[in-house]
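# Overview (structure and organization)
Each chain is listed here by its residues.
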Amino acid sequence: TRTPVNVTVTGAAGQIGYALLFRIASGHLLGADVPVKLRLLEIPQGLKAAEGTAMELDDSAFPLLRGIEITDDPNVAFDGANVALLVGARPRTKGMERGDLLSANGGIFKPQGKAINDNAADDIKVLVVGNPANTNALIAQAAAPDVPAERFTAMTRLDHNRAISQLARKTGAAVSDIRRLTIWGNHSATQYPDIFHAEIAGKNAAETVNDEAWLADTFIPTVAKRGAAIIEARGASSAASAANAALDHVYTWVNGTAEGDWTSMGIPSDGSYGVPEGIISSFPVTTKDGVYEIVQGLDINDFSRARIDASVKELQEERDAVRELGLI
Ligand code: NDP
């Protein structure tokens, strides 16, 4: 029998948390044979609701769930953590300036990064979901100097999944026939979903689509603005698909990408593809045995270059802003 994996979820009482926890407990984060212990971190006002969710987790009698602990203390929440899903964040409210948003989130992600540094297991893997995810991940990473920087990642898997789905719809292909799609840059409106290296049933996707106007005017904005479209349609945010993507991100990181395929993850840049070292930007990556690697040697055409550069510029501005605020 395997030792349970300690999984910490912050913002556990929120919408994404509610869609996430039951599937973690049923084996969709790590695998159907991996027992888990859950640690739920909430702010004091969220503790009672987290307890309610924990009651429902109990009532589901998940065979893989070996314990639930609820706390508002990051040092307790991350003690021995193997996987940390940082979901709780300060949302942008009306009239809020970017600086205010970044400092509010600095107040959350800096102490959490330090608590991870001081308490997590040696093999800790961190996924930041709470927005602005890339920069929140950078803040946490900077506060954890003893943890290898590459363990801090930000979620662009939802964008990746959305792009696959849009491409499948446009071409009539099955989602499972699509490989090698890439999200570059920031998880924001500037993100760039790239189909120039993608394949549909083994054929180049951009050539199959052969419609640059659709790419520029429909596909890219549809993927980038999907979150807003869902809020408009359902009157609530895309919590279930965000939770699903968080599971996909960690599952792929731990269990590997399929031969010949890759995925998209926000990761600290090593300078590949002209993305300045250190910023947390989305890249095409393969994963194996819990380690990811950037896919190298892709030709970047002018169409892609301009869009990658624009998103990377936004990430540099966010980094400069948190640097000025003393958060990194
Ligand atoms: P959600 O669970 O809906 O969202 C949490 C975060 O995920 C937000 O930053 C949100 O960004 C982000 N997110 C990323 N992708 C998506 C997506 N596709 N759709 C929706 N959200 C996405 O927020 P709730 O307000 O329901 O819950 C947040 C919880 O976090 C609360 O219970 C609060 O108490 C807790 N919290 C805990 C903290 C802690 O543990 N220290 C700190 C702060 C909050 P966006 O805002 O851009 O939608």
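A brief look at the structure comes next. (Residues numbered from 1 in each chain as written. Predicted model: local features only at pLDDT ≥ 70, side-chain atom pairs only at ≥ 80, totals over all residues. Heavy atoms only, no water.)

## Here we look at the overall build of the protein
Going by this rule: Strands are runs of DSSP state E lasting at least two residues, helices are runs of H or I lasting at least four, and both sets are numbered from the N terminus onward. C-alpha atoms define the radius of gyration, and 2.2 Å times the number of residues to the power 0.38 defines the globule rule. Relative accessibility decides the category of a residue: with a 1.4 Å probe and only protein chains considered, values under 20% of the type maximum give buried, values over 50% give exposed, and everything between is partly exposed. Each accessible area is a Shrake-Rupley result for a 1.4 Å probe, and residues are judged covered by the shown protein chains and nothing else.
Tallying secondary structure elements over the protein gives 11 helices and 14 strands in all. Against the globule reference of 20 Å for 328 residues, the protein gives a C-alpha radius of gyration of 19 Å, in line with a compact fold. For the protein, the spread of C-alpha atoms along the principal axes amounts to about 50 × 45 × 40 Å. Scored against the burial criterion, the 328 residues of the protein give a buried share of 52%. Roughly 14400 Å² of accessible area belongs to the protein as shown, and the carbon and sulfur atoms make up 48% of that amount.

## Examining the packing of aromatic side chains
The following threshold applies: For Phe, Tyr and Trp, rings pair up if their centres lie within 6.5 Å, where Trp contributes its six-membered ring, and each pair is then called stacked (planes under 30 degrees apart), edge-to-face (over 60) or tilted (otherwise). We call a charge positioned over a ring when the NZ of a Lys or the CZ of an Arg lies within 6 Å of the ring centre and within 35 degrees of the ring normal.
All told, the structure shown has eight aromatic pairs when counted by the stated rule. A network of ring pairs unites the aromatic residues Tyr18, Phe22 and Phe62 as a single cluster. Over the ring of Trp253 we find Lys125, and its NZ or CZ is 5.8 Å from the ring centre. Positioned over the ring face of Phe303 is Arg307, at 3.6 Å from the centre of the ring.

## Side note on the packing of helix H6 (residues 157-171) against helix H10 (residues 239-255)
Heads up, the condition is: Lines are fitted to the C-alpha atoms to define the axes, a helix being fitted only along its stretch in contact, and any angle between axes, read from their N-to-C directions, falls within 0 to 180 degrees. The scheme is simple: roughly parallel for angles under 35 degrees, roughly antiparallel for over 145, roughly perpendicular for 65 to 115, oblique for anything else. Throughout, a contact is declared for two residues whenever any of their heavy atoms are within 4.5 Å. Gly counts as polar in this scheme, as do all residues outside two lists: the nonpolar Ala, Val, Leu, Ile, Met, Phe, Trp, Tyr, Cys and Pro, and the charged Asp, Glu, Lys and Arg.
One can describe the packing of H6 onto H10 by two numbers: an axis separation of 8 Å at closest approach and a directional angle of 105 degrees. When the axis of H6 is compared with that of H10, the two are roughly perpendicular. Contacts between H6 and H10 involve Arg157, Leu158 and Asn161 from the first element and Ser241, Ala242, Asn244, Ala245, Asp248, His249 and Thr252 from the second. Its residues assigned to classes, the contact of H6 with H10 shows three nonpolar, five polar and two charged.

## Some points on the side chain of Thr287
Put simply, the rule is: Think of a polar contact as two N or O atoms within 3.5 Å of one another; within protein, one of them needs to be a possible hydrogen donor and the other a possible acceptor, and neighboring residues in sequence only count if both atoms come from side chains.
Along the chain, Thr287 falls in strand S13 (residues 280-288). For Thr287, a relative accessible area of 5% gives the class buried. A distance of 2.7 Å separates the side chain of Thr287 from the backbone oxygen of Thr252, its partner in a polar contact. At a separation of 2.9 Å, a polar atom in the side chain of Thr287 contacts the main-chain amide nitrogen of Thr257. Sequence-distant contacts of Thr287, defined by excluding residues within four places in its chain, comprise Thr252, Trp253, Gly256, Thr257, Met265 and Tyr292.

Interpretation note: all reported values are geometric properties and have no functional meaning in isolation.
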